[in-house]
Structure formats: C-alpha cells, structure tokens
Amino acid sequence: MMSAPIAERPTGAAPATGVLRQPPGLYLLFAVEMWERFSYYGMRAILVLFIADSARGGLGWSQSAASRFFGLYGFFAYALPVAGGYVADRFIGTQRAMIIGGLTIAAGHFCLAVPALPMFYLGLTLVVIGTGFFKPNVSTMVGQLFRQGDGRRDGAFTIFYMGVNVGAFFGQIVCGYFGESPRWGWHYAFGAAGVGMLFGLALHMRLKRKYLPGIGEAPDRQAVAKAKLSAGPLTREERDRLTALLVIILLTIPFWMAFEQAGSSMNFFAAERTNRVVWGYTFPASWLQSVNSGVLILSAPLFAALWTALARRGREPSTPAKMSAAMVLLAGGFVFMVLGAERSDRGVLVSPWWLIGAYALHTFGELCLSPIGLSLVTKLSPLKFASLLMGLWFFATSISELLAGQLASITGKVARGELFHLFGGQADFYFIFVTSSALAAVALAVFAPWLRRRMHGRDT
Ligand code: GLN
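Note that this is a predicted model, so its numbers are computed, not measured.

### Comments concerning the overall build of the protein chain
A count of helices and strands for the protein chain gives 14 helices and two strands. At 22 Å, the protein chain has a C-alpha radius of gyration in line with the 23 Å of a compact globule built from 460 residues. On the principal axes, the C-alpha backbone points of the protein chain span a range of 65 × 50 × 40 Å. For the protein chain, the residues scored as buried account for 58% of the 460 residues in total. Sequence separation of at least 24 residues holds for 82% of the intrachain contacts in the protein chain that already meet a minimum separation of 6. Summed over all atoms, the accessible surface of the protein chain reaches about 17,900 Å², with 67% contributed by carbon and sulfur. Distance between charge centres in the protein chain, computed from 39 positive and 23 negative side chains, equals 6 Å.

Put into structure tokens, the structure is as follows:
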C-alpha cells in the first residue's frame, strides 16, 4: 500500500496552498474515494432488500439468510484490503493497485446489473476483490501526503472522510431510488453503482500525474529507502505504540459490529416497520441509511472545530477518550432503536424519527472514532508497518461485519423470545447493542491511561 515510508516523502510534492491549506492531492483523493464509496454504499443500501425480495425480481431468500450473506460479503470487502495492501506494498504501488481495484469494482457492479444468479455471485466477488485493492490504498495515500508531525494530518483525514460520506449519501439516494422504484428495479441500481465507479476511475487516471506526483509508485523505485528502514528491530517506543494501536484496533470491533446493523437489521426495520409516507410519496427504505452520511457531512466541520477549540485550551480529549465517547453515543443511538422497536412490536408503522435519531447519534459516535482512527494509524505505526496496519484497521471492521451479519440473522429468533426475554419483541434485539456498546465504552475508559502511556505523546 505504501510505496515509500512517510518520512522519506516530499510533502506530497504538493505545497500547502494559501486558501485551501491542504495539499491539492488531498482533493483528488477525496473525489476518487467519493465515487468509489458512491458505488459501494449505493449497492450496499439495497443489497439485503434485493436478496430478500421475492416480488420484484429479487432472490427471494429469507431475511435471516440475507443478513448472514450480507455479513459474509462485508467480511470479504473489509478483509481483502490486507492482501490488496500487501500486493501494492511489495509489487505494484498504490497507484496501480487503485486502478486495478477501480476497474474490478466497476466490472463487478456491471455483472450485478445482469439479472442472473451466477452473475450475482461473480459480481459480488469482483466487488470485494476490487475493494481490497482500492480501499486501504487510498487512505494510506492520504497519510503519504504528510511528513510525520505535520499538524494538517487530522484535518486532512476529516476532509477525506467527508468525501467518503458525500459519496455514500448520493450513492444511497440514487441507487436506493432506482432499486426500490417500480419503474426501474434492482439491476438499474447496480448499473448506476458501476457508472459511479467509472467516474472516479476516470478522474484518477486523468489527474493523478498532476496532483499526486511521485506518490504511490511501484516499490522498486524506493527499494533502497525501504530496505534501509526495515533493517533493525523496533525501538521500545515503537513497540509501545504498536501495542497501543493494536489494542485500539481491537476495540473498534464492537463499534462497527453495532454500527453496521445499518445495512441489514435497521434496513429491514426501515422497510417493514417504519412509516415512510411523506406528502403522499413513499420514499425508499434505503434512503434512511443516508441519514448517516448526511448528518456526517453537516457535523464533521463542527467536530473538527470542537477538537481545535478544545486543543487551544489544552483540553483536547485523547483518542481513547474520544473512542469511549463514541461507544456511549452508539449505545444512545440503540436506545432510540429499542424504543422504536418496542412501539413497532405493537403492530403499527412507527415514525422514521426513531431511525433518524439512532443514525444521528451513531454518526456523532463515528466522528469520534473513525477519521481519528485512520489518522492515528498513520501516526502511531512504525513506518515499515504503516500499510499493514491500515489493512489491519479495516480487517477489524471485517470481523465486525461478520458478527453484525450473524447477529442480524437472529433478529427474528430474539424477537420471538427464543434466546432470552427482557422487554419482548425486536426491542430485545436492539438492546444487545446498547449493552455491547456500553461495555466497550467502559473497557476503553478503563484502558485509556494505559493506552496513553504507550502512545508516548501521540495520543491526540
Ligand atoms: N464509513 C467508513 C468508510 O466506508 C467506514 C470504514 C470502516 O473503517 N469501517 O470508509
């Protein structure tokens, strides 16, 4: 993934410009990732609905099987980045990996657009392989724009993360509309996702030479610098930082496990238990997922300003403290789900505000954990492991996706009281995530001082 160590890089070969202050390469990476996420989240928004649909040309599986399959898909989409990163790192560089990845993803979506079962499997396989090549490399390249200690790094990751969500937002709206509209249908939505990916790819190919010069080339050019750096064991401080980072990565698993209910159980909740009629128009269930990305785009600058304001007073919370807050917010979001589910269990369609409230809190939590985490990976990892650790960051999400899918697949069982009984109905299912998130919050708070010591001053 990293074709050269961060410290050996020119600052992205891109001077800070007066108005933007960030390297211009960041905005290219923003736009390319935006289109990739457009395709990823657009397709993801309708995937379980398509799999479980039997009336409009879907696969007609049970919701439980659809959720389990969705978890497996998420697992591969986030696990393969480890391999994609390795290949980029060792052989082809991040630039080429992104192009191969983008092409493979687009091919995957176009296969999905063909209504035949073998094409469905082939399409998803291509999407996950392509994502493996694409996803971690684009994040690592953001890190490669900066030297160690450059104060713009956190801000850059926040901006980049907004790109992720602008893409996700429009992907969910566009693909959700095509997929759920009686006029169009699922396969048009998959096609639209493919077109989005092609836009991103075209942009990258046209502008990379200009805005990302010398970044992400195949590794042979920097082999010497690399060999020099990989010689010698890690220092004690580097080992400490690595330990802290690994524990933090591990602790993101319960976060994404709960958060990723969005694509499965919460998507079904939107489709079946929510009143989606506004002024006589029934909006697509998948649109509710875009509340996450929409709220994120609006509130990311506020969070960035909050951290800066706190930092100015010398009171910026450490990363473990922010992550603990993220878990509390997530638990709070699921309290909304418990309350909404409880009402829906009485057999009425509930207000969409329950889901909107849940997604808004989840988003605030995401802002306390995800962009900060990406930045932290590039700050804490010893240079020679930077790419591998970015892959590991996503690998943790892959475990979460698997667990999320498995849990979503038992929604019905829990709701019927076959496993345990608290309030009864689906409320019990969502209460699982209130509990897991609260426990993770406590674990993070307890570990925080231990983690901070091991970060040796790079803890905010
Ligand atoms: N929304 C983020 C993205 O798609 C989440 C990634 C993750 O680490 N789970 O980039």
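Read on for the rest.
### Focus on the site of the ligand
Taken together, the residues surrounding the ligand are Arg37, Tyr41, Tyr78, Lys135, Tyr161, Val164, Trp256, Glu366, Trp393, Phe394 and Thr397. Tyrosine 78 is positioned such that a nitrogen or oxygen atom in its side chain is 3.5 Å from an oxygen atom of the ligand. Between the ligand and the protein, one listed contact pairs an oxygen atom with a side-chain N or O atom of tryptophan 393 at 3.4 Å. Take the shell around the ligand: its biggest share by element is three residues, from helix H12 (residues 386-408). Residues of the shell around the ligand, tallied by class, amount to seven nonpolar, one polar and three charged.

### Observations concerning the side chain of glutamine 426
By the element assignment, glutamine 426 lies in helix H14 (residues 426-455). Look past the residues within four positions of glutamine 426 in its chain and what remains in contact with it is Phe269, Arg273, Ala341, Asp345, Thr411 and Ala415.

### Quick word on the packing of aromatic side chains
As enumerated under the stated definition, the model contains 36 aromatic pairs in all. Ring centres of phenylalanine 75 and phenylalanine 395 lie 6.5 Å apart, and the angle between their planes is 65 degrees; this geometry places the pair in the edge-to-face category. Highlighted residues: phenylalanine 75 in helix H2 (residues 63-112) and phenylalanine 395 in helix H12, separated in sequence by 320 residues. In this structure phenylalanine 395 comes out as partly exposed when scored by relative accessible area, which is 29%. Look at phenylalanine 255 and tryptophan 256: their rings are 5.0 Å apart centre to centre, the planes differ by 90 degrees, and that puts the pair in the edge-to-face class. Each member of the pair, phenylalanine 255 as well as tryptophan 256, is classed as buried. Taken together through their ring pairs, the aromatic side chains of Phe50, Trp61, Phe69, Phe120, Tyr121, Trp186 and Phe190 make up a single cluster. Residue placement shows arginine 37 over the ring face of tyrosine 40; its charged tip is 4.2 Å from the ring centre. Just above the ring of tryptophan 186 sits the side chain of arginine 56; from NZ or CZ to the centre is 4.9 Å.

### Details of the packing of helix H1 (residues 24-52) against helix H5 (residues 186-211)
Following both chains from N to C, one finds H1 and H5 inclined at 165 degrees, their axes separated by 9 Å at the closest point. One element, H1, and the other, H5, form an angle in the roughly antiparallel class. Crossing handedness for the pair H1 and H5: left-handed. Here the contact of H1 with H5 is built from residues that sort into 20 nonpolar, six polar and two charged.

### Let's talk about a nonpolar patch on the surface
Taken together, the side chains of Phe110, Val195, Leu198 and Phe199 present a nonpolar region at the surface, about 330 Å² in accessible area. The element contributing the most residues to the nonpolar patch is H5, with three residues. Counting through the fold element by element, phenylalanine 199 comes out in helix H5.

### Section: the confidence of the model for the protein chain
Interpreting fine coordinate detail is not advised for predicted regions of low pLDDT. Summing up the model confidence of the protein chain, the mean pLDDT is 89 and the portion of residues at 70 or higher is 91%. Mean pLDDT across the elements of the protein chain bottoms out in helix H6 (residues 223-230) (54) and peaks in helix H8 (residues 265-273) (97). The low-confidence segment residues 1-20 (pLDDT under 50) makes 73 contacts with residues lying over four places distant or belonging to another chain.

### Description of the environment of asparagine 292
Its place among the elements puts asparagine 292 in helix H9 (residues 290-312). Its relative accessible area of 12% is what places asparagine 292 among the buried residues. In this structure the C-alpha to C-alpha distance between asparagine 292 and glutamate 366, which are 74 residues apart in sequence, comes to 9.3 Å. In this structure asparagine 292 touches Asn165, Phe259, Tyr359, Thr363 and Glu366, once residues within four positions along its chain are discounted.

### Notes on the pattern of salt bridges
Evaluated as defined, the whole model comprises nine salt bridges. Between glutamate 342 and arginine 346 there is a salt bridge, and its shortest N-O distance comes to 3.5 Å. Residue classification places arginine 346 among the exposed positions, given a relative accessible area of 59%. By sharing partners, the salt bridges in this structure join Glu33, Glu36, Arg37 and Lys135 into a single network.

What counts and what doesn't
- Per chain, the residues get numbers from 1 upward, laid out in the order the sequence is written.
- Two thresholds apply to this predicted model, a pLDDT of at least 70 for residue-level local features and 80 or more for giving and counting side-chain atom pairs, whereas whole-chain, interface and lining totals are computed over all residues.
- Only hydrogens and water are removed before side-chain values are computed, so all heavy atoms of the structure are retained for them.
- Going along the chain from the N terminus, every DSSP run of H or I of four or more residues is numbered as a helix, and every run of E of two or more is numbered as a strand.
- Each radius of gyration is computed over the set of C-alpha atoms, and the globule rule expresses the reference value as 2.2 Å times the number of residues to the power 0.38.
- For each residue, the accessible area found with a 1.4 Å probe, counting protein chains only, is set against the maximum for its type, and the residue is called buried under 20%, exposed over 50%, and partly exposed in between.
- Contacts between residues were defined by any pair of non-hydrogen atoms, one from each residue, lying within 4.5 Å.
- For every accessible area listed, the method is Shrake-Rupley and the probe measures 1.4 Å; residues are considered covered only by the protein chains on display.
- Charge convention: Lys and Arg are scored as positive, Asp and Glu as negative, and His as well as the terminal groups of each chain are ignored.
- Here the site of a charge means NZ on Lys, CZ on Arg, CG on Asp, or CD on Glu.
- Residue proximity to a molecule or strand is established when one non-hydrogen atom of the residue lies within 4 Å of it.
- Under this definition, polar contacts are N or O atom pairs within 3.5 Å; protein pairs additionally need one hydrogen-donor-capable and one acceptor-capable atom, and for neighbouring residues in sequence, both atoms have to be side-chain atoms.
- Nonpolar residues are Ala, Val, Leu, Ile, Met, Phe, Trp, Tyr, Cys and Pro. Charged residues are Asp, Glu, Lys and Arg, and all others, Gly as well, are polar.
- In this scheme Phe, Tyr and Trp rings, the latter by its six-membered ring, pair at centre separations within 6.5 Å, and the angle between planes marks the pair as stacked below 30 degrees, edge-to-face above 60, and tilted otherwise.
- Criterion for a charge above a ring: Lys NZ or Arg CZ within 6 Å of the ring centre, and within 35 degrees of the ring normal.
- Axis lines are fitted through C-alpha atoms, for helices just across the contact stretch, and the angle between N-to-C directions can take any value from 0 to 180 degrees.
- Here the angle decides the label: under 35 degrees means roughly parallel, over 145 means roughly antiparallel, 65 to 115 means roughly perpendicular, and every other value means oblique.
- A crossing counts as left-handed when the near helix is turned anticlockwise from the far one by less than a right angle, and as right-handed when that turn is clockwise.
- Only residues whose relative accessible area exceeds 30% and that form no salt bridge enter a patch; like-charged residues are grouped when within 9 Å of one another, and nonpolar side chains (Val, Leu, Ile, Met, Phe, Trp, Tyr) when within 5 Å.
- Only one rule defines a salt bridge in this text: a Lys or Arg side-chain nitrogen within 4 Å of an Asp or Glu carboxyl oxygen.
- The pLDDT value expresses, per residue, how confident the predictor is, ranging between 0 and 100.

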